[in-house]
Amino acid sequence: DNALHENESYTERLLDDFQDALDKHQFTVYYQPKFDIRPETPALSSAEALVRWVHPELGFISPDKFIPLFEENGLIQQLDLYVWRETAAQIREWKNRLGTSVPGSVNVSRIDMYEPRLIETLLELLREYDLTADELLLEITESAYTQDSAQIVSKVNHLREQGFRIEMDDFGTGYSSLNMISALPIDALKLDMTFIRNAFKDGGDTRLIEVIIDIAEYLDVPVIAEVVETREQLKELQRMGCDYFQGFFYSKPVPGDGFLTYVRDTNMR
């Protein structure tokens, strides 16, 4: 029918325009601050890199549209490398202008984990922008660990040996067994945003979040919560023992220069 045909045409257009979009920097990286909420006053700890596509004719294209598409069609590695490079350059600029380091976290897809030169590529970026491994944080989804886990775990171990810190993203969506989780090499657990939204909606229940925080305490790793939107949510997460958060309560994702202004001007309340 017409809707199916239009969707197919739209998909083909995105695939056809991908390389041109890379070459012309139509993909823009935004940064959402992450805060340490263990102190009474939350403190900026790092930023997550989030890619946006503003097409000259199609306008803003949601990441929910193009990221799964690029994963299915083998283009995600090129996009990830683009984001890593943009983020490394941005961290270097922040460091030069602020006189202090603000680490940035980037997504590493399951496909990236099978790339033989992954570690070399990341180390080359660090050398190019004169950064240390703990300034470029790596987010790997839980589902990546649950598929061919032995190979993924081996690669993650090698990354950690080079000094990289690994955040398990979307925790709670990959159906890991508790036994498997206890053996995974990670440095932080990042709650799937669905948990936060469901827990704090009317009639929601925060007990599952408390269970995950207990698991993280057992593993001796911090917990990061996404999509925190109100002071009440923040206070409840603090009460439960959550360590870090990001969300619209303090800041939406902003471009690199906007993030720099935010860091300079924000007054935590």
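Heads up: the structure comes first, above all this text.
None of these values were measured; they are calculated from a predicted model. (Residues numbered from 1 in each chain as written. Predicted model: local features only at pLDDT ≥ 70, side-chain atom pairs only at ≥ 80, totals over all residues. Heavy atoms only, no water.)

### Section: the overall build of the chain
Then comes step 1: A count of helical and extended segments in the chain gives 11 helices and 10 strands.
Then comes step 2: Expected size for 269 residues packed as a compact globule is a radius of gyration near 18 Å; at 19 Å, the chain falls within 12% of this value.
Then comes step 3: When the backbone C-alpha atoms are referred to their principal axes, the chain occupies close to 50 × 45 × 40 Å.
Then comes step 4: Per-residue burial over the chain gives 48% buried out of 269 residues.
Then comes step 5: Across the chain, every contact between residues at least 6 apart in sequence was considered, and the portion connecting residues at least 24 apart equals 67%.
Then comes step 6: Only carbon and sulfur atoms are counted for the fraction: they give 47% of the accessible area of the chain, which is about 13400 Å².
Then comes step 7: The chain carries 26 positive and 48 negative side-chain charges, and their two centres are separated by 5 Å. (Helix = DSSP H or I, 4+ residues; strand = E, 2+ residues; numbered from the N terminus. Rg over C-alpha atoms; globule rule 2.2 N^0.38 Å. Buried < 20%, exposed > 50% of the residue type's maximum accessible area, 1.4 Å probe, protein only. Contact = heavy atoms within 4.5 Å. Areas by Shrake-Rupley, 256 points an atom, 1.4 Å probe, with all protein chains shown as cover. Lys, Arg positive; Asp, Glu negative; His and termini not counted. Charge placed at Lys NZ, Arg CZ, Asp CG, Glu CD.)

### Observations regarding unusual backbone geometry
Then comes step 1: With a phi angle near 55°, histidine 25 is a residue other than glycine that sits in the positive phi range.
Then comes step 2: By the element assignment, histidine 25 lies in the loop between helix H1 (2–23) and strand E1 (27–36).
Then comes step 3: With a phi angle near 45°, valine 227 is a residue other than glycine that sits in the positive phi range.
Then comes step 4: The class for valine 227 is buried, based on a relative accessible area of 17%.

### Some points on the pairing of E1
Then comes step 1: Within E1, 8 of the 10 residues are buried, which leaves the element mostly enclosed by the surrounding structure.
Then comes step 2: Note: E1 against strand E2 (residues 43–55), 10 bridges, orientation antiparallel. Across the sheet, residue tyrosine 31 finds its bridge partner in E2, namely alanine 49.
Then comes step 3: Count of turn residues in the E1/E2 antiparallel hairpin: 6 residues.
Then comes step 4: Two elements, E1 and strand E10 (residues 254–255), share 2 bridges in a ladder whose sense is antiparallel. Residue pairing in the sheet places tyrosine 30 in a bridge with proline 255 of E10.
Then comes step 5: Here 2 bridges tie E1 to strand E9 (residues 244–245), and the two strands are oriented antiparallel to one another. Bridge pairing links phenylalanine 35 to phenylalanine 245 in E9. (Pairing = 2+ DSSP bridges.)

### Here's the deal with the packing of H1 against helix H3 (residues 76–98)
Then comes step 1: For the pair H1 and H3, the least separation of the axes is 11 Å and the interaxial angle reads 15°. Our classification of the angle between H1 and H3 gives roughly parallel. Relative to H3, the crossing made by H1 is left-handed. Between H1 and H3, the residues in contact are Phe18, Gln19 and Leu22 and Gln78, Leu79 and Tyr82, respectively.
Then comes step 2: Here the residues of the contact of H1 with H3 are counted per class, giving 4 nonpolar, 2 polar and no charged. (Axes fitted to C-alpha atoms, helices over the stretch in contact; angles between N-to-C directions. Parallel < 35°, antiparallel > 145°, perpendicular 65-115°, else oblique. Left-handed = near helix turned anticlockwise from the far one by under 90°. Nonpolar A, V, L, I, M, F, W, Y, C, P; charged D, E, K, R; others polar.)

### Details of the environment of lysine 190
Then comes step 1: Positionally, lysine 190 belongs in strand E7 (residues 188–191).
Then comes step 2: In this structure lysine 190 comes out as buried when scored by relative accessible area, which is 0%.
Then comes step 3: Counting along the chain gives 169 residues from lysine 190 to alanine 21, while the straight-line C-alpha distance between them is 30 Å.
Then comes step 4: For lysine 190, the residues in contact, after removing those within four places along its chain, are Lys34, Glu48, Glu139, Met168, Asp169, Asp170, Phe171, Ile224, Glu226 and Gln246.
Then comes step 5: A distance of 2.9 Å separates a polar atom in the side chain of lysine 190 from a polar atom in the side chain of glutamate 139. (Polar contact = N/O pair within 3.5 Å; in protein donor to acceptor, adjacent residues only side chain to side chain.)

### So, the pattern of salt bridges
Then comes step 1: Counted by the stated rule, this structure contains 19 salt bridges.
Then comes step 2: The closest approach of N and O atoms between glutamate 135 and lysine 95, which form a salt bridge, is 2.8 Å. Residue glutamate 135 is found in the loop between helix H4 (118–128) and strand E5 (136–141), and its partner lysine 95 is found in helix H3; the two are separated by 40 residues along the sequence.
Then comes step 3: Judged by relative accessible area, glutamate 135 falls into the buried class, the value being 4%.
Then comes step 4: With a relative accessible area of 25%, lysine 95 lands in the partly exposed category.
Then comes step 5: Linking glutamate 139 and lysine 190 is a salt bridge whose minimum nitrogen-to-oxygen distance equals 2.9 Å. A residue pair is termed long-range when its members are at least 10 positions apart, and glutamate 139 in strand E5 and lysine 190 in strand E7 qualify at 51 residues.
Then comes step 6: Judged by relative accessible area, glutamate 139 falls into the buried class, the value being 1%. (Salt bridge = Lys/Arg side-chain N within 4 Å of Asp/Glu carboxyl O.)

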